Amino acid sequence: MRASLLQSCGGLDMPTSGLFSRNLKKTFPIAARGEGCWIIDESGRRYLDAAGQAAVVSIGHGVAEIGQAMAEQSAQLAFAHTSQFHNEPAEKLAVRLLALAPANFRNGGRVYFTCGGSEATETAIKLVRQYHVETGQPERYRVISRRQSYHGSTLGAMSVSGNVARRAPYAPLIPEWGHIAPCFCYHCPFNKTFPECELACAADLETFVREHQTETAAAFIFEPLVGATLGAAVPPDGYVAHIAETCRKNGILLIADEIMTGMGRTGKPFAVQHWGIEPDLILVGKGVASGYAPLGAVLASARVVDAIEGGSGTFTHGFTYQAHPVCTTAGNAVLDCLETHQLFERVGTAGKKLRETLARVEGHPHVGDIRGMGLLVGVEFVRDKATREPFPKSENMAERIRQAATAEAVLTYPTQGCVDGHRGDHILLAPPFTISEQECALVGQALVSALKKVFPS
Ligand SMILES: Cc1ncc(COP(=O)(O)O)c(C=O)c1O
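Undergrad: I'm lost on a nonpolar patch on the surface in this one. Help?
TA: On the surface, Leu155, Tyr170 and Leu173 cluster together into a nonpolar patch covering about 300 Å² of accessible area. Within the element layout of this structure, Leu155 appears in helix H7 (residues 155-160).

Okay, structure coming up:
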């Protein structure tokens, strides 16, 4: 099949793909197989997937039971539209996700399944708006977010994202509802240091709502650890509780975007559970089906559900493929695997092993910071370790390090812009929860070699 595609395109040197790829100037290897923490391309080359692709794969690649469960479900019932039927796998997964969530979701919460993270963000934006309409506050519509954040690629999700590069081309299409400062101690936007800063970044939400018409604010959305944009930036003690309290005091709903951090990636089912807060909505994606099916979800707390149920009863929103039986079957099978093999519990110890091996590069003059929680770890590269000065954007350092690590057969997830949206280079490591000690060591070794190649002394 591949050979005939190449021939019909006139030979190996020609761009042969019919896919509208992410970069039309690049060629991509064809992934042929997955086994545990490894991806094997069509030439047989093996790559250790230290990024879990994009912090997606939690149970590892190639777990046959997931595909078997999906095939059985597909043979029994592949699809039924949610305007006419519910289905058993979706019902079951909803209950199981709510049971993992904070207490305010467990008694009367509900789950809205989507086909991925961006759809979950879109759904949340509309759900918080409808909550306020139903509760007699129709003036509330703005979803406040943070600069240097990412919540998805559709237009609503982009409007709450603060990722400069990903927003820039679409600026005229995106409404501006307000962004506050990021919470990023390594490059503090206030040039302060914790704890003397007294959480200036959290206070920024209070200032913002005071100065920008509190009465129109519907919700605040945040990533508990900022994933792709800031490379697993962890909030300091007190930050999460502070913003939760500001939201509560001002009648603003709190949306935790756990699309990257959720489903165990940081060592608890949801990252907010590290700080004991109860958001109004939790978004999941990525790990909820570990890449076996396109699946995301909005977990709505009882308070939000009650408002709609006690009002019109109808959420004016819908997707043809919401709560898809085969995708939610994948979600159930992945959760079975996480539970049977106690993989949530494994994240803490595997994360420690990964950090131990990263100690090998910690002292490197261009490794500025290693941060994160559990198996969501960022490594930031700086030109000057003492001043934390980043490399110029044109040096494309994150990508160069990714390429050098790939040459060592280890996959990482590079991003530029953590400092100011343009400068700043990091790679994200988010391997499957099954990663072994030996595989962790390979990640450390690959980074040592990659850094030698990129910075020959
Ligand atoms: C925190 C966060 N929110 C939302 C999204 C968007 O999810 P998706 O790509 O599944 O639409 C992502 C994806 O990287 C993400 O990391």
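Undergrad: How should I be thinking about the nonpolar core in this particular structure?
TA: Soluble globular proteins tend to pack their nonpolar side chains together in the buried interior. With 92 residues, the main nonpolar core has Phe113, Phe220, Leu299 and Leu429 as its most contacted residues. Residue contacts for Leu299: discarding those within four places in its chain leaves Leu97, Ala101, Phe105, Arg110, Val111, Phe270, Asp280, Leu281, Ile282 and Val284. Residues Tyr131, Val160, Trp177 and Val305 belong to the second largest nonpolar core, which totals 25 residues.

Undergrad: What is the right way to look at unusual backbone geometry in this model?
TA: Across residues other than glycine, the phi torsion is negative in most instances, and most of the peptide bonds are trans. Here the amide bond leading from Phe194 into Pro195 is cis, since omega sits at 5 degrees, within 30 degrees of zero. Within the secondary structure, Pro195 sits in the loop between strand S6 (179-180) and helix H9 (200-211). With phi around 70 degrees, Ala409 is a residue other than glycine that occupies positive phi space. By the secondary structure assignment, Ala409 is in the loop between helix H14 (397-407) and strand S13 (410-411).

Undergrad: Which parts of the structure should I look at to understand the sheet that holds strand S1 (residues 31-35)?
TA: Hydrogen bonding along the main chain pairs the strands of a sheet, whether they run parallel or antiparallel. Reading across from one edge, S1-S2-S3-S13 is the order of the four strands in this open sheet, with mixed pairing throughout. Where the open sheet ends on each side, the last strands, each with one partner, are S1 and S13. Sheet topology note: the S1/strand S2 (residues 38-41) ladder contains four bridges and is antiparallel. Its bridge partner lying in S2, Gly34 is registered against Ile39.

Undergrad: Would you explain the pattern of salt bridges in this entry?
TA: Side chains bearing opposite charge may pair, as long as their charged atoms lie close to each other. This structure, assessed with the given rule, holds 18 salt bridges. Between Arg33 and Glu35 there is a salt bridge whose closest N-O contact spans 2.4 Å. The class of Glu35 is partly exposed, set by a relative accessible area of 34%. One salt bridge in this structure joins Lys453 and Glu408, with 3.7 Å as the shortest N-O distance. Taken together, the positions of Lys453 in helix H15 (residues 437-454) and Glu408 in the loop between H14 and S13 put the pair 45 residues apart, joining distant regions of the chain. Taking the relative accessible area as the measure of exposure, Lys453 reaches 48% and is therefore partly exposed. Via salt bridges that share partners, Arg33, Glu35 and Arg46 belong to a single interconnected network.

Undergrad: Help me understand the sheet that holds S6 in this model?
TA: Pairing in this open sheet of seven strands is mixed, and the strands run S4-S10-S9-S8-S7-S5-S6 from one edge to the other. Unpaired on one side and paired on the other, strand S4 (110-114) and S6 mark the two borders of the sheet. As paired elements, strand S7 (residues 217-222) and strand S8 (residues 253-257) share four bridges and run parallel to each other. Across the sheet, residue Ile221 finds its bridge partner in S8, namely Ile255. Sitting on the sheet, helix H11 (residues 302-309) is in contact with S4, S8, strand S9 (281-284) and strand S10 (296-300), with an inclination near 80 degrees to S10.

Parameters at a glance
- Within each chain, residue numbers correspond to sequence positions counted from 1 in written order.
- The model is predicted, so local features are restricted to residues of pLDDT at least 70 and side-chain atom pairs to those at 80 or more, both for listing and for counting; the totals for chains, interfaces and linings are taken over all residues.
- Side-chain numbers come from the whole structure's heavy atoms, not from hydrogens or water.
- Grouping into patches uses exposed residues only, defined as over 30% relative accessible area, and leaves out salt-bridged ones; the cut-off is 9 Å for like charges and 5 Å for nonpolar side chains (Val, Leu, Ile, Met, Phe, Trp, Tyr).
- Here the open area of atoms and residues is found with the Shrake-Rupley method and a 1.4 Å probe, where only the protein chains shown may cover a residue.
- Salt bridges are defined as contacts in which a side-chain nitrogen from Lys or Arg sits within 4 Å of a carboxyl oxygen from Asp or Glu.
- Helix and strand labels come from DSSP, where a helix needs a run of H or I of at least four residues and a strand needs a run of E of at least two; each type is numbered from the N terminus.
- Only buried residues count toward a nonpolar core. Its members are Ala, Val, Leu, Ile, Met, Phe, Trp, Tyr and Cys residues joined through side-chain atoms within 4.5 Å.
- Exposure categories follow from relative accessible area, calculated using a 1.4 Å probe and restricted to protein chains: below 20% of the type maximum is buried, above 50% is exposed, and the middle band is partly exposed.
- Residues are treated as being in contact if the distance between any of their heavy atoms lies within 4.5 Å.
- A pair of strands is considered paired only if DSSP assigns at least 2 bridges between the two.
- Axis geometry follows a simple rule: fit a line to the C-alpha atoms, using only the stretch in contact for helices, then measure angles between N-to-C directions, giving values from 0 to 180 degrees.

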